[in-house]
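Working through the structure, step by step
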Amino acid sequence: MKSFTSRRGRAILVAIAAGSLALTGCSENTGNNSGGNKGESQDKAKEQSEGVAYLDAKASTGPAEEVPGAKPGGTVTVYQESGLSHMDPGQIYVSDAGQFSNLVFRGLTNFQEDGKGGVSVVGDLATDSGQASDDNKTWTFTLKDGLKDENGNEITSADVRHTVERLYAEFIFDGPTFLQTWLSGADYRKALPDGGYGKKHLPDSVLETPDDKTIVFHFDTPRPDLPMTLAMPGYSIVPEETDTKEKYDTAPVSLGPYKIEEFKAGKSLKLVKNENWDANTDPVRHQYVDGFDFQFGVTESTQTKRLISDQGEAKNAIQFTGSVDATQIQDVISDPAVNKRTIKGYQPYVMQLTFNLDRVKNKTVRDAVTYAVNSKSLIAGEGGAFGGDVAPNLFAPTLPGYDAKYDPYGRLKTPAGNIEKAKELLADVPAAEKKLVFAYANSEAGQKRKVAIEDALGKVGIDVVSKEIDAASYYEQIGKVKNPYDIYITGWGQDWPSPSTVVTPVYDGDQVGDGKSNYSHINDPKVQELIGKALNQQPEDAAKTWEEAHKYILEEVNPAAPLWYTKQFQLYGSNIGGARYSTESSYLDVTRLFLKS
């Protein structure tokens, strides 16, 4: 999953450890965890790389377990620097929209957390986490009774079919593609070019809806990860009757506990209770508060100042996907009363400086940049030990089989950059190839990263030309194949605990395309061979193949320089109740919040 602020993600977008989202989870916040101990953090990350249990109908029945001390009423104020990247479920693959999804949308399955870092899959709209047959090639889901959208319309299997088929439409370009490719191959759009909006639909041999309650997925190979895949926000249900195609991204219909009352793009968003949401069908979410008022354009530094002061509306406020401003971290941790109003955790995201291989074709240049980049400076901008750890490779500590000692470019020994090595590599490189166009987001974090990249690369003789991009559309812009940039910082977290959800979406040549997640445009025959091999192996053998692919990608191709592993450190107001770190989203768990008074 892509990381937004930290793109960020899974959130999500779904990382379960979230990616996005299997995240590493801290236990419920007590205010005592400093979050600054690297060893402790990575141990916690390792705990989250365990398998995820698929639970039965009993565990999938609502209502969700009550939050101790919860009271109804009031409105939570939400501080957010940038506007949401998307609100159409099919477009959601970035952590900010994933957080929003937790309040507004529902899918067939969802992740359920125990508050101690453990995550399971339960049925959300479905009665359970799914029934597998034919060696996991066939999966059957049954819808619960009494499911309605915000307009009171009943949700049926036709809405699920429509949700899947609309993902084939050309205007859906920025969400996950696991399900579509599993059903119809890498060129899935050709199987249903009108996205099911015309007379043609996917055949029953692929997607079957024998009655209003039943959905059957048919795959040509075993897909044991399907329940986790369907829990991703990008596969939330879009009711067929109210689908407005491209316009849906600004006015989606809710199935969750809250619905949109007012939206002003880039300025504000008001969520109120969805009266047609039935808590008895929902094992995960709560509807304690009356609503959420989003204020966009509030920088992380301003968010932090307001929440530290804890005056007025700030008492009822939260950071959404922002973090404690790096320059104010000491102000937070040195005051026990403020520090206890924080959540901390290890995220699944690997932040990296991605090369556009269509433009930066000389591997010597890529290697030199990888040696030159200053992870120490970048992490300082994120909050130092509270913001992240140096990344020696492209896999996160939350992945099963993570090797903390694999460090082919010596990032751990020279976190501030190996200037001499970089200069040595660049000695015979033509001047024209030492000019690189760097894209950065116009956020506070983006500005800090810009300074760090310009400084590090400038020291080795690289001329950096920086180009600013609107933060809300950052991934959309760098996600264009013909983008005019040479390098850009990206972040990715696994969508569930498997290297397949990192290597396949980010380094698979089939994922080169507008809106797809192969931002470097790597398309290497050896990588393709290893991906194909791993996807058809049993987990133990596949793990070795993924490791081989990882080392080949980083050493022989080098499509991205590893920078840092992210940590989360967020602040909330004193009147916020039920606050805890969400393993699934890697942010404050917004599904259980209430106001104390």
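In this text the structure is predicted, and so the values were computed from the model without any measurement.

1. Description of the overall build of the protein chain
- The helix and strand tally for the protein chain stands at 16 helices and 20 strands.
- Computed over C-alpha atoms, the radius of gyration of the protein chain comes to 23 Å, within 12% of the 25 Å expected from 2.2 N^0.38 for 597 residues, which places it in the range of a compact globule.
- C-alpha extents for the protein chain along the principal axes are approximately 70 × 55 × 40 Å.
- Burial analysis of the protein chain (597 residues in total) assigns 62% to the buried set.
- Entry remark: accessible area of the protein chain is about 21,300 Å², with carbon and sulfur atoms responsible for 46%.
- Taken as two groups, the 64 positive and 83 negative side-chain charges of the protein chain have centres that lie 5 Å from each other.

2. Considering the sheet that holds strand E6 (residues 138-142)
- Strand order in the open sheet formed by four strands is E5-E6-E8-E7, with antiparallel pairing between adjacent strands. Bordering the open sheet on either side are strand E5 (131-133) and strand E7 (207-211), each of which pairs with just one other strand. Pairwise comparison of adjacent strand axes, ignoring direction, gives a mean angle of 20° for this sheet.
- Helix H3 (residues 157-166) contacts E7 and strand E8 (214-218) of the sheet and is inclined by roughly 165° relative to E7.

3. What about the nonpolar core?
- Judged by nonpolar contacts, the single largest core of 109 residues is most densely connected at Phe217 and Leu353.
- Considering each element in turn, this core owes the most residues, six residues, to strand E15 (residues 435-441).
- If sequence neighbours within four positions are ignored, Leu353 has contacts with Val369, Val373, Phe438, Ile453, Ile487, Tyr488, Ile489, Pro559, Ala560, Ala561 and Leu563.
- Residues Ile260, Phe294, Phe296 and Leu595 belong to the second largest nonpolar core, which totals 29 residues.

4. With respect to the packing of helix H15 (residues 525-535) against helix H16 (residues 539-557)
- Close contact between H15 and H16 brings their axes to 9 Å; oriented N to C, the two are set at 165°. When the interaxial angle is binned, H15 and H16 end up roughly antiparallel. Pair H15 / H16 crosses with left-handed handedness. Contacts between H15 and H16 involve Lys526, Val527, Leu530, Ile531, Lys533, Ala534 and Leu535 from the former and Ala542, Thr545, Trp546, Glu548, Ala549, Tyr552 and Ile553 from the latter.
- When its residues are assigned to classes, the contact of H15 with H16 shows 10 nonpolar, one polar and three charged.

5. So, the environment of Asp149
- Turning to its location among the elements, Asp149 is positioned in the loop between E6 and H3.
- Once residues within four sequence positions are removed from consideration, Asp149 is found in contact with Ile155, Pro239, Thr242, Val253, Ser254, Leu255 and Asn276.
- Polar side-chain contacts of Asp149 include one of 2.8 Å to the backbone nitrogen of Asn151.

6. A few points about the packing of aromatic side chains
- According to the stated counting rule, one finds 22 aromatic pairs in the structure shown.
- Ring centres of Phe294 and Phe320 lie 5.0 Å apart, and the angle between their planes is 80°; on these two criteria the pair is classed as edge-to-face. Separated by 26 residues along the polypeptide, Phe294 in strand E11 (residues 291-296) and Phe320 in the loop between strand E12 (317-319) and helix H7 (329-333) bring together distant segments of the chain.
- Judged by relative accessible area, which is 2%, Phe294 ranks as buried.
- With a centroid separation of 5.4 Å and an interplanar angle of 90°, the aromatic rings of Tyr474 and Tyr475 are classed as edge-to-face. An identical accessibility class is assigned to Tyr474 and Tyr475; each is buried.
- Through successive ring pairs, a cluster of aromatic residues spans Tyr54, Trp139, Phe141, Phe178, Trp182, Phe217, Phe219 and Trp496.
- Arg306 extends its terminal NZ or CZ atom over the ring of Tyr79, reaching a point 5.1 Å from the ring centre.
- Lys450 extends its terminal NZ or CZ atom over the ring of Tyr440, reaching a point 5.8 Å from the ring centre.

7. So, the side chain of Thr321
- Mapped onto the elements, Thr321 comes out in the loop between E12 and H7.
- Engagement of the side chain of Thr321 in a polar contact is seen with the side chain of Gln80, the distance being 2.8 Å.

8. Looking at the environment of Lys305
- Tracing the backbone shows Lys305 in helix H6 (residues 300-309).
- Linking Lys305 and Asn356, residues 51 residues apart in sequence, is a C-alpha distance of 38 Å.

9. Some remarks on the sheet that holds E11
- Strand order in this open sheet of five strands is E9-E10-E11-E2-E12, and the pairing throughout is mixed. Where the open sheet ends on each side, the last strands, each with one partner, are strand E9 (258-264) and E12. Put simply, the sheet's adjacent strands are angled 20° from each other on average, direction ignored.
- In this structure, strand E2 (residues 75-80) lies alongside E11, joined through six bridges in parallel fashion.

Conventions used here
Every residue gets a number counted from 1 within its own chain, in the order that chain's sequence is written. In keeping with the predicted nature of the model, local features appear solely for residues at pLDDT of at least 70, side-chain atom pairs appear and are counted solely at 80 or more, and the whole-chain, interface and lining totals rest on all residues. Side-chain figures throughout are based on the complete set of non-hydrogen atoms in the structure, without hydrogens or water. A helix here means a DSSP run of H or I that spans at least four residues, while a strand means a run of E at least two residues long, and both kinds are numbered starting from the N terminus. Using C-alpha atoms as the atom set, the radius of gyration is obtained and then compared with a globule rule of 2.2 Å times the number of residues to the power 0.38. Here's how the labels work: a residue is buried when its accessible area is under 20% of the maximum for its type, exposed when over 50%, partly exposed in between, all with a 1.4 Å probe on protein chains only. Accessible surface area values rest on a Shrake-Rupley calculation with a 1.4 Å probe, where residue burial reflects the displayed protein chains alone. A residue counts as positive if it is Lys or Arg and as negative if it is Asp or Glu; His and the chain ends are not included. By convention, charge coordinates are those of NZ in Lys, CZ in Arg, CG in Asp, or CD in Glu. The pairing criterion for strands is at least two bridges between them, as found by DSSP. Fitting a line to C-alpha atoms yields each axis, with helices limited to the stretch in contact; the angle taken between N-to-C directions then spans 0 to 180 degrees. Contacts: residue pairs with any heavy atoms within 4.5 Å of one another. Nonpolar core, defined: a set of buried Ala, Val, Leu, Ile, Met, Phe, Trp, Tyr and Cys residues in which side-chain atoms within 4.5 Å join the residues together. An angle counts as roughly parallel when it lies under 35 degrees, as roughly antiparallel when it exceeds 145, as roughly perpendicular when it falls between 65 and 115, and as oblique in every other case. In this scheme the crossing of two helices becomes right-handed for a clockwise turn of the near helix relative to the far one and left-handed for an anticlockwise turn of less than a right angle. Lys, Arg, Asp and Glu make up the charged group, whereas Ala, Val, Leu, Ile, Met, Phe, Trp, Tyr, Cys and Pro make up the nonpolar group; the residues left over, Gly among them, are polar. Between N or O atoms, a polar contact is any pair within 3.5 Å; within protein, one atom must be a potential hydrogen donor and the other a potential acceptor, and residues adjacent in sequence are included only when both atoms are from side chains. Here a pair means two rings of Phe, Tyr or Trp (six-membered ring of Trp) with centres within 6.5 Å. Their orientation is stacked below 30 degrees between planes, edge-to-face above 60, and tilted elsewhere. Comment: the charge-over-ring label is applied if NZ (Lys) or CZ (Arg) is within 6 Å of the ring centre and within 35 degrees of the ring normal.

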